[in-house]
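# Structural characterization, general
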Amino acid sequence: MIRSLRARLIAATAAVLGAVLTALLLFSSRMTRVEVRRFEDVVVMRGRAAPAASARILEAHYRQAGGWRDADAAARRAAELSGREVVALDPAGRVVARSRALERTRVEPGPDGGLRIEWPGKPPRIRQFVLVRVPFAALSDPQGRPIGRVYELALPSGAVAPNLDLSGSINRWLAGGIAAAGIVALLVIAATSRRILGPIEKLTAAARSMELGDRGVRVPAGADDELGELARSFNSMADAIAGAEALRRNLVTDVAHELRTPLTNIRAQLEALQDGLLPPDSAVIDSLHDDALLLERLVDDLQDLALAEAGQLALRLESVDAGEALERAAAAARTRAAEAGVAIEVLPGAGAAATADRERLAQMLANLVTNSLAHTSAGGRIALSAARSGASVEFSVSDTGGGIPAEHLPHVFERFYRSDPSRSRTTGGSGLGLAIVKHLALAQSGSARVESEVGRGTVVFLTLPAAPS
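Definitions and cut-offs
- Every residue gets a number counted from 1 within its own chain, in the order that chain's sequence is written.
- Confidence filtering applies because this is a predicted model: local features only for residues at pLDDT of at least 70, side-chain atom pairs given and counted only at 80 or more, and all residues used for totals across whole chains, interfaces and linings.
- Only hydrogens and water are set aside; all other atoms, that is, all heavy atoms of the structure, feed into the side-chain values.
- Two rings from Phe, Tyr or Trp (for Trp, the six-membered ring) form a pair when their centres sit within 6.5 Å of each other. Planes less than 30 degrees apart are called stacked, planes more than 60 degrees apart edge-to-face, and all others tilted.
- With a 1.4 Å probe rolled over the protein chains alone, any residue whose accessible area is under 20% of its type maximum counts as buried; one over 50% counts as exposed, and the rest are partly exposed.
- We count a stretch as a helix when DSSP gives it H or I for four or more residues in a row; a strand needs E for two or more, and each element gets its number in order from the N terminus.
- Sitting over a ring, as applied to charges here, requires NZ of Lys or CZ of Arg to be within 6 Å of the ring centre and within 35 degrees of the ring normal.
- Take the residue count of a helix, subtract one, and multiply by 1.5 Å to get its expected span.
- Contacts between residues were defined by any pair of non-hydrogen atoms, one from each residue, lying within 4.5 Å.
- Salt bridge, as applied in this entry: a Lys or Arg side-chain nitrogen positioned within 4 Å of an Asp or Glu carboxyl oxygen.
- Angles shown run from 0 to 180 degrees and are taken between the N-to-C directions of axes, each axis being a line fitted to C-alpha atoms and, for helices, limited to the stretch in contact.
- Reported orientations rely on four angle classes, namely roughly parallel under 35 degrees, roughly antiparallel over 145, roughly perpendicular from 65 to 115, and oblique for the rest.
- For any pair of crossing helices, the crossing counts as left-handed if the nearer helix is rotated counterclockwise from the farther one by less than a right angle, and right-handed if it is rotated clockwise.
- Any residue that is not Ala, Val, Leu, Ile, Met, Phe, Trp, Tyr, Cys, Pro, Asp, Glu, Lys or Arg is counted as polar, Gly included; the first ten are nonpolar and the last four charged.
- Note on terminology: a nonpolar core comprises buried Ala, Val, Leu, Ile, Met, Phe, Trp, Tyr and Cys residues joined through side-chain atoms within 4.5 Å.
- In short, DSSP must find at least two bridges between two strands for them to pair.
- A score between 0 and 100, pLDDT records how confident the predictor is in each residue.

### What about the packing of aromatic side chains?
On inspection of all chains with the given rule, the structure shows 2 aromatic pairs. Consider the rings of Tyr-62 and Trp-68, whose centres lie 5.0 Å apart with planes at 55°: the pair is tilted. A relative accessible area of 17% places Trp-68 in the buried class. Relative to Tyr-151, the ring of Phe-136 has its centre 5.5 Å away and its plane inclined at 50°; by these criteria the two rings are tilted. Of this pair, Phe-136 sits in the loop between strand 6 (127-133) and strand 7 (137-140) while Tyr-151 sits in strand 8 (residues 146-153); the two residues are 15 residues apart in sequence, bridging distant segments of the chain. Overall, Tyr-151 belongs to the buried group, its relative accessible area being 0%. In this arrangement the basic side chain of Arg-149 is found over the ring face of Phe-136, its NZ or CZ atom lying 5.7 Å from the centre.

Set out below in structure tokens:
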């Protein structure tokens, strides 16, 4: 079965050409056999005996007239007596007498001692002829000198020209063959175009429906060819658009939700201060300041995420010592880890250097450590490590927290996603940390992945290009 659209088009074209050539071959062969046989049967005439009686009539006229003047009358009398058409030529091959049926013809000596008789055709550009191979009678004057020769022709009854229209017959047969081949070609092309244009029309209709807002429209992708691949690509695009639309709606909802809580707190406390329900002491001011910092951090995270996704994040790539970056990340988090009762350490490893933006690498490691602290109970442990693997440097941040269920693992790098729905903004962060890590890694030609097992903890791997030696 031909699955390629290109191959089907080539095959259809070959089939059309084959049909045309086959039809022309069959019609031409048939036409040639029929017309040549008819030509041989009708126009090639053979005689059985020399026209002695016609010769005597023409010789008598020659003696009486002293030449071939008005010899056509003698040829007509000879034709009436013999029941055939009569034509006489002089020794130079010129026609000197002919019967009535041959008056408009051109007669000249033909091959094998015979005659070639040509009729004017209709239209005039078509010329029809017959070859005459019949015995003739020599003509002589009273002194025995040769004065020419005479032929008797048994022409078919009726008009001769229609029976001799070989060119017209060929044209009619060819016209019929071309017409039949054209019909076959049109049928093949119609079937092929329907098979090709049908899926395209469905794609066009689906695209118009999507343009009007129907994000659920899909097209069947039955054939395993270019059109089937196009349909599958369209469906994938439609899925991606629907997913992006859902993400956009979720993002707006999540951002509104994340902003609403601190804004509500700030508004409530300010209204309470205006109404005199709260004293304007340092505790209230500290609470307002914390909410303002939270809003600022959330806005900064959203801005970083938007720039990273758009590929517009300004990066200063340089060689960064992996061990040094891990030590700085651990040192920045030790105070919070100690307060939470969590041990944090940097595992020893071979020296490795990554090509990265130093500040963005520190931000990614800080987000990973913060995420681990949020999910590790007192008495737990967080370990940071780095090792070179081929042309990359792989950082890892592991913890001994409760782990992430398998059904949540594919979504942990999505913005505002929390594997534990019970966690709030206070206990679970803004939900942007891992999303920022992923997109910052992609912006630096790296990647991020997570492995986790419920009850045993989580490991987040961050892979960046290794610095040149």
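That shown, we press on.
### Some details on helix 2 (residues 52-65)
For helix 2, which comprises 14 residues, the first-to-last C-alpha distance of 20 Å matches the rise-based estimate of 20 Å (1.5 Å per residue) to within 8%. Taken together, the buried positions of helix 2 are Ser-54, Ala-55, Ile-57, Leu-58, Glu-59 and His-61. Buried residues in helix 2 make contact with helix 3 (71-82), strand 2 (85-89), strand 3 (95-98), strand 7 and strand 8. Looking one or two residues past helix 2, Gly-66 carries a phi angle of roughly 70°, positive in sign.

### Concerning the pattern of salt bridges
Tallied over the entire structure, the rule returns 14 salt bridges. Among the salt bridges present, the one from Arg-76 reaches Glu-103, with a minimum N-O distance of 3.6 Å. In this pair, Arg-76 is assigned in helix 3 and Glu-103 in the loop between strand 3 and strand 4 (106-109), connecting sequence segments 27 residues apart. Overall, the relative accessible area of 26% leaves Arg-76 in the partly exposed class.

### Details of the packing of helix 2 against helix 3
Running from amino to carboxyl end, helix 2 crosses helix 3 at an angle of 155°, the nearest separation of the two axes being 9 Å. Taken together, the axes of helix 2 and helix 3 lie roughly antiparallel to each other. Considering how the two elements wind past one another, helix 2 and helix 3 form a crossing that is right-handed. Where helix 2 approaches helix 3, its residues Ser-54, Ile-57, Leu-58 and His-61 are matched on the opposing element by Ala-71, Ala-74, Ala-75, Arg-77, Ala-78, Leu-81 and Ser-82. In the contact of helix 2 with helix 3, the residues fall into 7 nonpolar, 3 polar and 1 charged.

### Some points on the nonpolar core
Core analysis: the largest hydrophobic core is formed by 49 residues, its most contacted members being Ile-344, Leu-361, Met-364, Leu-365, Leu-384, Phe-395 and Leu-462. Top element by residues in this core is helix 7 (residues 322-340). It accounts for 7 residues. Ranked by size, the runner-up nonpolar core spans 17 residues in total, among them Ala-71, Ala-78, Ala-137 and Ile-147.

### Overview of the packing of helix 7 against helix 8 (residues 358-374)
Between helix 7 and helix 8, the least distance of the axes is 9 Å, while the angle of their chain directions is 40°. One element, helix 7, and the other, helix 8, form an angle in the oblique class. Between helix 7 and helix 8 lies a crossing whose hand is right-handed. Taking contact as the criterion, the partners of Glu-324, Ala-325, Leu-326, Arg-328, Ala-329, Ala-333, Arg-336 and Ala-337 in helix 7 are, on helix 8, Arg-358, Leu-361, Leu-365, Val-369, Thr-370 and Leu-373. Among the residues forming the contact of helix 7 with helix 8, the class breakdown is 9 nonpolar, 1 polar and 4 charged.

### Overview of the sheet that holds strand 7
With antiparallel pairing, 4 strands are arranged side by side in an open sheet as 3-2-8-7. Two strands bound the open sheet, and with one partner strand each, they are strand 3 and strand 7. Each adjacent strand pair in this sheet contributes to an overall mean axis angle of 25°, direction not counted. Where strand 7 lies against strand 8, 4 bridges are found, and the strand directions are antiparallel. Note on strand 8: the bridge partner recorded for Ala-137 is Val-150. On top of the sheet, helix 2 reaches strand 2, strand 3, strand 7 and strand 8; it is set at about 20° to strand 7, its chief contact. The sheet contacts of helix 3 involve strand 2, strand 3 and strand 8, and relative to strand 3 the element is tilted by about 45°.

### Some details on the pairing of strand 2
Where burial is concerned, most of strand 2 is hidden: 4 out of the 5 residues are buried. Across 5 bridges, strand 2 lies against strand 8 in antiparallel orientation. Opposite Val-87, over in strand 8, you have Tyr-151 as the bridge partner. Sheet topology places strand 2 next to strand 3; 3 bridges connect them, and they run antiparallel. Looking at strand 3, one finds that Val-87 is bridged to Arg-98. From the end of strand 2 to the start of strand 3, which pair antiparallel, there are 5 residues, and Gly-93 there has a positive phi angle of about 90°.

### A few points about the confidence of the model for the protein chain
Looking at the protein chain as a whole, its pLDDT mean stands at 79, while 80% of the residues score no less than 70. Taken together, the stretch residues 422-428 has pLDDT below 50 and engages in 14 contacts with residues farther than four places along the chain or on a different chain.

### So, the side chain of Gln-444
Position of Gln-444 relative to the elements: it lies in the loop between helix 10 (433-443) and strand 14 (447-453). Overall, Gln-444 belongs to the buried group, its relative accessible area being 2%. Look past the residues within four positions of Gln-444 in its chain and what remains in contact with it is Leu-315, Leu-317, Ala-356, Asp-357, Arg-360, Met-364, Leu-464 and Pro-465.

### A few points about the sheet that holds strand 13 (residues 392-399)
The sheet built from 5 strands is open, its strands ordered 10-12-13-15-14 with mixed pairing. Every interior strand has two partners, whereas the edge strands, strand 10 (343-346) and strand 14, have only one. Taking each pair of neighbouring strands and ignoring which way they run, the sheet shows an average axis angle of 15°. Judged from the 4 bridges that link them, strand 10 and strand 12 (residues 381-389) form a sheet pairing that is parallel. From the neighbouring strand, Ile-344 faces strand 12, where its bridge partner is Ile-382.

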